[in-house]
Amino acid sequence: MRWLLLKDLQILRRSPLLTALLVIYPIVVALLIGFALSRGPEKPRVAFLNEVPQDTPLSIGGEDFDLTGARSSLCDRIECVRVHSRAEAREEVESGEVLGALILPEDLVDKLEGVASGVGEPPTVEVLVNEEDPLKAQLVDDRISSLLTEANLRLSRAVSNVTLSYLDLLVSGGDFDFLGQSFNVLGLQNTERILRSARSDLPKGSFEREAVDQVIQFAELARENLGFADSLLSSVSQPIQVDKEVVNGGSPDLDAFTISVAATVTLMFVTVLLVAGSLALEREENAFARLTRGLISPTGLLVEKLLLGVACSLLVTLLLLGGLSFLVHINWGRTPQILVAILAGGAAFAALGAALGGAAREVRASSLLAFMISLPIAFISLVPSGTVGPALFSVIEVIRALFPFAPGRDAMESALSSGDLLVPLLHLAALTVAYLALSRLALRRFA
Amino acid sequence: MAEKPAKKARRAPAARPPRKPVLEVAGLTKRYGSRAALSDVGFEARKGELIAVIGPNGAGKTTLLSILAGIVRPDEGEVTSPAGSIGWVPQQAALYRRLTVAENLRLFAHLEKVDDVQGSVDEMLGEADLAERRDDQVSLLSGGNQQRVNIAIGLLRQPSVLLLDEPSTGLDPRQRARLWEFVSGLAGGGTTVIFSTHNVQEAERYSDRLLVLADGEALFDGTQTELHRTVDKESGRGRAKRDFETAFVDFLAHRGH
């Protein structure tokens, strides 16, 4: 087996162009996919529960807010899935049919009006997110945060206007309506003017004149300082608070997710293509019959190809991770876990490659088959739950389970971010055994 | 391997030697579904014999050689080789074209667990007359030279019996002549060579004995002269003047093939 392994490496060395492509192509594809992933889909599916009673008017500082219009504006940005209760919203998020849920509480309008009147606590909207993958979590965070920021901005402007009108009344004076009655407020400016006029009638150095001077100074100072309130009030920007709850699943950071995708794509292409091509080459060079005539058993040959794939994928994936570590943080303290994830993923991809090479029996056909299967599997494995219908997503989950990409990515992500490695490793081991068994069957008609 | 006229490469037919056989084949039967690829085929081969397995397409030649090589398991019958190992050379050159001639030989010598790898490689390069091209990639060799490397690999373990499956397929006349000179030299050195071919002239020219197969049955086992005699006898016209190909066709026709 050692000699066959050396032979395969020697053949690779003799094909520098092929080897370069085998290394560069998957790395480029991996980086492109990683870049694309960081953008996310345009309209995430979000469950929307509006508990505010219908047709409740909201008016702040004379400005009417159209809640129905706000809802349709919201649903232009996200795909709203209407739900009728908190339990239903939670269920949708837990099942992965939506990326998150936005719940507007029943007392939203009352509390907002309270904030505008300067009494009471600000209202809180609830956001439920499923952070089973960080891409989805980031997506929901981004969209809901931007929507709430926009709403907060409009509301805070209205609240500020109300407050400023009161302050203006205090400074300049004027009429003020309260509970159906009209009051006239003198204002600091008028107070100062009246006091200055009264001051001139008082004898110089008298106690009354000094007392009036103090009141005039206060009125002047108060008027000047209240002039700054405009800019200060504009900074009051969060009338609505957000209560975010993570439902079902952990929350690894996006870097770990993107790196794991890039590494798994590299691992997949290098290993599947190399092993499929290398096995098919044994037949194309007519060497298979000669080899299996007592020199090595078909199973031994498969194991040799597996080792070849694992060795090469380990090298290329470490190369990719090493390169990426200049751009993003990689926790090299978890090197043993990273190595285990690469080895397990490499073995499963190598077994898949052997099955494809055994089935295709020709180098060109096996390479084509490897491409045709690998790319869709990678993309299918990256479809976030909630972006397609539930039935289609169930089919996607079955497909994911049958190929090594999803468990390979899970293993890599866990290795990079302190997650649980055991389940994906067991999954990969099961797939390795299954694909090796399929390869062995394919070799029966190989010679 | 010096180039010589092909005719000179022909060996004098060996008289049926009374020596102990190096290969004994008895009752070989192989079926693929309901079709019998081989039916009760048996023969013996002795040291240094050159035996041609001939017959029309689908006669069972490749199946017979595959069973003798141990690649295909027979349904019935047995193959014994008291003298030692059996070397096998597939019809298509089973070589790694990206490796050099020496690297191919070295790889298979390691896989065959040959004691003196480098010694065997050098010896085979000499026998195949490819020492000067040892560092050339196989993809750069002519078809004839590739076939000689292919045969040299089959000889690495110095087998007492060498099986060649249609060795001259795809070669031009000059390459064929050089190939047969090489093969005849092996037989002259004591290696028993059994080759399959559908080229009747080649079988006549280069073999000591013929094993004629048709529809999986062994119809004849003997020398060319014996085949002529059989045809003469069956035609009832006494010793007629006919070439070997005509005799062979008549022989098959008389048996309904």
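Notes on the structure in this doc start here. (Residues numbered from 1 in each chain as written. Chains lettered and ligands numbered in written order. Predicted model: local features only at pLDDT ≥ 70, side-chain atom pairs only at ≥ 80, totals over all residues. Heavy atoms only, no water.)

Looking at the packing of helix α2 (residues 101-111) of chain B against helix α4 (residues 143-154) of chain B
Residue and element names in this part refer to chain B.
Point 1. One can describe the packing of α2 onto α4 by two numbers: an axis separation of 10 Å at closest approach and a directional angle of 20 degrees. When the axis of α2 is compared with that of α4, the two are roughly parallel. Handedness of the α2/α4 crossing: right-handed. When α2 is examined against α4, the residues V101, N104, L105 and F108 are found in contact with a partner set consisting of V149, A152 and I153.
Point 2. The residue inventory of the contact of α2 with α4, partitioned by class, reads 6 nonpolar, 1 polar and no charged. (Axes fitted to C-alpha atoms, helices over the stretch in contact; angles between N-to-C directions. Helix = DSSP H or I, 4+ residues; strand = E, 2+ residues; numbered from the N terminus. Parallel < 35°, antiparallel > 145°, perpendicular 65-115°, else oblique. Left-handed = near helix turned anticlockwise from the far one by under 90°. Contact = heavy atoms within 4.5 Å. Nonpolar A, V, L, I, M, F, W, Y, C, P; charged D, E, K, R; others polar.)

What to know about the interface of chain A and chain B
Point 1. Contacts between the two partners involve 17 residues from chain A and, on the opposite side, 26 residues from chain B.
Point 2. Together, the buried faces of chain A and chain B total about 2100 Å²; carbon and sulfur atoms form 57% of this surface.
Point 3. Summed over the shared surface of chain A and chain B, the result is 2 salt bridges.
Point 4. B:R97 is paired through a salt bridge with A:E285; the nearest N and O atoms lie 2.6 Å apart.
Point 5. Our count for the contact surface shared by chain A and chain B stands at 12 residue pairs in polar contact (both at pLDDT 80 or more).
Point 6. Every element with two or more residues in the side of chain A that touches chain B is listed here: α1 (2-13), α10 (254-284) and α11 (287-291) of chain A. (Buried area = accessible area lost by both parts, 1.4 Å probe. Salt bridge = Lys/Arg side-chain N within 4 Å of Asp/Glu carboxyl O. Polar contact = N/O pair within 3.5 Å; in protein donor to acceptor, adjacent residues only side chain to side chain.)

Details of the sheet that holds strand β9 (residues 241-246) of chain A
Strand pairing in a sheet takes place through backbone hydrogen bonds and is either antiparallel or parallel in direction.
Residue and element names in this part refer to chain A.
Point 1. The strand order across the open sheet built from 5 strands is β4-β1-β5-β6-β9, with neighbouring strands paired in mixed fashion. Strands with a single pairing partner mark the edges of an open sheet, and in this sheet they are β4 (79-82) and β9. Adjacent strand axes in the sheet meet at a mean angle of 25 degrees, parallel and antiparallel pairs treated alike.
Point 2. Taken together, the 6 bridges between strand β6 (residues 124-129) and β9 define a ladder with parallel strand orientation. Among the inter-strand pairings, E126 is bridged to a residue of β9, identified as D243. (Pairing = 2+ DSSP bridges.)

Let's talk about the packing of aromatic side chains
Point 1. Tallied over the entire structure, the rule returns 6 aromatic pairs over all chains.
Point 2. By the ring-pair criterion, three or more aromatic residues cluster together here, those being B:W180, B:F195 and B:Y206.
Point 3. If you follow A:R290 out to its NZ or CZ, it ends over the ring of B:F108, 5.6 Å from the centre. (Phe/Tyr/Trp six-rings, centres within 6.5 Å; stacked < 30°, edge-to-face > 60°. Lys NZ or Arg CZ within 6 Å of the ring centre and 35° of its normal.)

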